[in-house]
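Examination of the molecular architecture
Residues per chain, in single letters:
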Amino acid sequence: SGYAFDTHFSANKKYWINLHWDCEKVEQWKIDQRKILREREKHGENSNYYRIRVKGLPPIADSDTLIPYDWVYYAWERQFGDEAIESMSNDPLILSCDIARAGTNKTVILVRKGPIITDIYECLEIDGDKISQWIIGIMASYDFEMDAVYIDTIGVGGPIYDTVKKWAPHIVKGVNVAEASSDNRRYRRLRDELWWRVRCKFEKKLVGISKDLPQDK
């Protein structure tokens, strides 16, 4: 899906002059081969990132993918005009925290201003006290002037939520995605409902991702 796919790979491509560059096939003196090698080692030759950024091909999405890669990519590409950005000045500033359990999982904080994702923070720490202090530090960098901070309270997230809430009880809110959804005929639990809402936002092009964020983040 998307404009690039429509003009190059769909039935509508006959209406366009199609130009396509595969960086692997371009003369070596024109492309830094070391960068191609780094991208291949980092993301994998069959990854959607490599297909799009190096080979100039559309992403591959499984039939059961909830949010296709290209929807996220186009959200990153999408630029809101000055008038739209100005209208967002009074939109809420939201921090959402997904707490990691163990191993190589990361605790992630996503920062959103209105419909724009402005930053993403990651932490490999698994000690609850250290994660709590890390979250509080991120909140302090915003002078505790967020409109809301949502923390996943399932499992290890519960004690972390309790600690962080003491610092800003008026804005810190717990989220238990294992709870029942608002429509049990459509969604099995709250997690399913929230993810579907996110999907709809991306599908309707109502989400933007700041250009300041690197694409592989």
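Above this note sits the structure.
Right, let's walk through the structure included here. Because the structure is a prediction, the values reported are computed rather than measured.

Look at helix α6 (residues 128-141) against helix α7 (residues 157-165): their axes get within 9 Å of each other, and the N-to-C directions meet at 40 degrees. Judged by the angle between their axes, α6 and α7 are oblique. Between α6 and α7 lies a crossing whose hand is right-handed. Between α6 and α7, the residues in contact are Gly128, Ile131, Ser132, Ile135, Ile136 and Met139 and Ile160, Thr163 and Val164, respectively.

Let us now look at the state of the cysteines. Structurally, a disulfide amounts to a covalent bond that connects the sulfur atoms of two cysteines. A complete count under the given rule lists zero disulfides for this structure. No disulfide involves Cys123; its nearest neighbouring cysteine sulfur is the one of Cys97, lying 11 Å away. Accessibility expressed as a relative area gives 12% for Cys123, which makes it buried.

Quick look at helix α2 (residues 33-43) now. Where α2 begins, the capping side chain belongs to Asp32, and its oxygen is found 3.0 Å from the backbone nitrogen of Arg34. Phi turns positive one or two residues past the end of α2, at Gly44, with a value near 95 degrees.

Looking now at the layout of surface pockets. Taken as a whole, the largest pocket encloses approximately 1,700 Å³ of empty space. Considering the residues around the largest pocket, the lining is formed by 37 residues, among which Ser96, Leu110, Ile117, Trp195 and Val198 are closest to the centre. Looking at the lining of the largest pocket element by element, the count peaks at eight residues for helix α8 (residues 190-203). Split by residue class, the lining of the largest pocket holds 26 nonpolar, three polar and eight charged. Taken together, 18 residues line the second largest pocket, and the ones lying closest to its centre are Ala4, Ile52, Gly56, Leu57 and Tyr74. The element contributing the most residues to the lining of the second largest pocket is helix α4 (residues 69-77), with four residues.

What counts, and at which threshold
- Residues numbered from 1 in each chain as written.
- Predicted model: local features only at pLDDT ≥ 70, side-chain atom pairs only at ≥ 80, totals over all residues.
- Heavy atoms only, no water.
- Axes fitted to C-alpha atoms, helices over the stretch in contact; angles between N-to-C directions.
- Helix = DSSP H or I, 4+ residues; strand = E, 2+ residues; numbered from the N terminus.
- Parallel < 35°, antiparallel > 145°, perpendicular 65-115°, else oblique.
- Left-handed = near helix turned anticlockwise from the far one by under 90°.
- Contact = heavy atoms within 4.5 Å.
- Disulfide = S-S within 2.5 Å.
- Buried < 20%, exposed > 50% of the residue type's maximum accessible area, 1.4 Å probe, protein only.
- Polar contact = N/O pair within 3.5 Å; in protein donor to acceptor, adjacent residues only side chain to side chain.
- 1 Å grid on protein atoms, 1.4 Å probe; cavity = no way out; pocket = protein on both sides within 12 Å on 5 of 7 lines; lining within 4 Å.
- Points joined across faces, edges and corners; volume = space filled by probe spheres on them.
- Nonpolar A, V, L, I, M, F, W, Y, C, P; charged D, E, K, R; others polar.

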